[in-house]
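Observations on the three-dimensional arrangement
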Amino acid sequence: MNKNPYNPLNPDLEQEFKYTRTLSYLDIFSAGYGFIVGAGIFTLLPFILKYSRGFSWLTFIIGGIICILTGLSYAKLNSLFPTNDGEYAWILNILNFDEKRNPEKVHSVYKNFANVIIWIIFIIGILTAATIVVCQANFVQDYIDFDKRSMILILITIPTLINVFGTQYTTIFNKATMGIITTLFLVVFGVASKKGSISGKLSLIPKKENLNGIFVSSFITMFLYNGFQSIVQLSEEAKKESDIPKGIMGTLSFAIVLYTLFTISVISLIGINNGIKSKMPMIDALGKAFTPNITNIIYIINIIALTNTLIIITLSRSRLLQKLSVRGLAPSVFKKLDSYKTFLGKEHFDSDSNKKNITTPINSIIAVSIITYLFTFIKKGSIEYLAQLTNVFLFIIFVIVNALVLIYHHKIKTQEELNRESKINNKFLSGYPWYSVLGLIITLIYILNVRKLKYPS
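Since the structure is predicted, the reported quantities are computational estimates derived from the model, not experimental observations.

From N to C terminus, the protein includes 19 helices and 0 strands. By the burial criterion, 56% of the 457 residues in the protein qualify as buried. Counted over contacts in the protein with a minimum sequence separation of 6, partners at least 24 positions apart contribute 82%. In the form shown here, the protein has an accessible surface area of approximately 19800 Å², with 62% of it arising from carbon and sulfur atoms.

Turning our eyes to something else, we now look at the confidence of the model for the protein. In the predicted model, the protein carries a mean pLDDT of 80, and the fraction of residues at 70 or more is 84%. Note on residues 1–6: pLDDT under 50 across the span, and 20 contacts to partners over four residues away in sequence or across chains. Within the model, pLDDT remains below 50 along residues 345–356, and this stretch shows 10 contacts once partners closer than five positions in the same chain are excluded.

So, about the environment of Ile 256. Locating Ile 256 in the fold gives a position in helix H10 (residues 243–277). The sequence separation of Ile 256 and Phe 60 amounts to 196 residues, and the corresponding C-alpha distance is 6.6 Å. Look past the residues within four positions of Ile 256 in its chain and what remains in contact with it is Ile 61, Gly 64, Ile 65, Ile 68 and Tyr 225.

Attention now moves to the nonpolar core. With 121 residues, the main nonpolar core has Val 37, Phe 185 and Phe 262 as its most contacted residues. Excluding residues that lie within four positions of it along the chain, Val 37 makes contacts with Met 178, Ile 181, Phe 185, Ala 255, Leu 258 and Tyr 259.

Taking 1.5 Å as the rise per residue, helix H12 (residues 294–326) with 33 residues should run 48 Å; its terminal C-alpha atoms sit 48 Å apart, in good agreement. Positive backbone phi, approximately 90°, marks Gly 328, located one or two places after H12.

The final tally for this structure, using the stated rule, is 5 salt bridges. The shortest N-O distance in the salt bridge between Asp 85 and Arg 327 comes to 2.8 Å. Here the residue Asp 85 occupies a position in the loop between helix H4 (56–80) and helix H5 (86–94), and Arg 327 occupies one in the loop between H12 and helix H13 (340–343), the gap between them amounting to 242 residues. For the residue pair Asp 85 and Arg 327, the accessibility class agrees, reading buried in each case. Notably, a salt bridge pairs Lys 323 with Glu 236, separated by 3.0 Å at the nearest N-O pair. Of this pair, Lys 323 sits in helix H12 while Glu 236 sits in the loop between helix H9 (211–225) and H10, placing them 87 residues apart in sequence. Its relative accessible area of 3% is what places Lys 323 among the buried residues.

Located in the positive-phi region is Arg 53, a residue other than glycine, with phi close to 45°. Overall, Arg 53 belongs to the partly exposed group, its relative accessible area being 37%.

Rules of the game
Residues numbered from 1 in each chain as written. Predicted model: local features only at pLDDT ≥ 70, side-chain atom pairs only at ≥ 80, totals over all residues. Heavy atoms only, no water. Helix = DSSP H or I, 4+ residues; strand = E, 2+ residues; numbered from the N terminus. Buried < 20%, exposed > 50% of the residue type's maximum accessible area, 1.4 Å probe, protein only. Contact = heavy atoms within 4.5 Å. Areas by Shrake-Rupley, 256 points an atom, 1.4 Å probe, with all protein chains shown as cover. pLDDT = per-residue confidence, 0-100. Core = buried A, V, L, I, M, F, W, Y, C linked by side-chain atoms within 4.5 Å. Expected span 1.5 Å × (residues − 1). Salt bridge = Lys/Arg side-chain N within 4 Å of Asp/Glu carboxyl O.

Encoded structure:
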């Protein structure tokens, strides 16, 4: 494993808290897929249909392209500096203009800036998880009359335990869940191809009066693509460093196709107006071909999908918290790597070879789950409002990431940086970062206009 280009730590300390590289490309792709393609598409689609109507399919393509532009920036930076606390390390590496890249000479302003940004990223994940678990509790209460706070606690405990048992169980659950979700999407596509009709329902060429609605909807779609950047937090467990950039682009591309086809299918089966009024568009769409019993099945799958998303968020944010602890930015209790057997005192390790298997940040997992539970007490706003709030933070991060790529491209590089750059084989990443220019311009436009958004009635 290559050393992190920016490593202000004692090398022995870095080695002590080193993860075992067990994640294949399929594991990484599945994690990104599970993070992006969750239950959000089922609950937020009515809002997107409301604002952009026949152009809803187009808003998913626009939002996806914007994410791909920034995704290429993430891929470039991760190729150069592969570490679980990506944004933190990138800021310190790229804004460190000392010719020897001496960590002690990084200006305190840059260090504080990096600290703030990485904690914002951590909070974005927690806020997303808290929103999801509250939504999940609402679904469960449709079937079980149970105290909501206790229900939320149970729903958080399940993904916590799966993560504590180890990455292998997390990836198995994720792959199984995403297999079910993918099958469900394929069923919707199949039903739409036989019983749906897009005649007079889809719009192709936007007019001036349509632009505001498209802008609003494309802003909301960003929440649905949120998660591709969290793959970075699995960098130190990937078998191949190159699998992280590939995973980012692979999951985004797949999600764009899936979301666009799903939107077209729903419109073709139930129409725009019914889609806007629908609490769960997928249920109403499949109701065109199946008995009412499909409702219960979809609700169960929806709850499983939400659980899976919580598992992936807990997985990624616990790795980030552990890395922040190793960096000295979080309490030292979170830096420890364990297995559930050693955590419970049922197994002891007395050799370095055995320690290689201890790669689960159990303390961090538990802490992430507790913080998520505490965030569920925040009652302000609806799902729509929380999605928009999260997007504002996301766009700020996107601006920073795109800007970092451009700064890095134009700065004077050390020989080590030149050597790492020469190893990037991807033609999109090895040339001039045009994608960062476009990504920076577009995300700035969205940020500057977010307060001016006019939501169609």
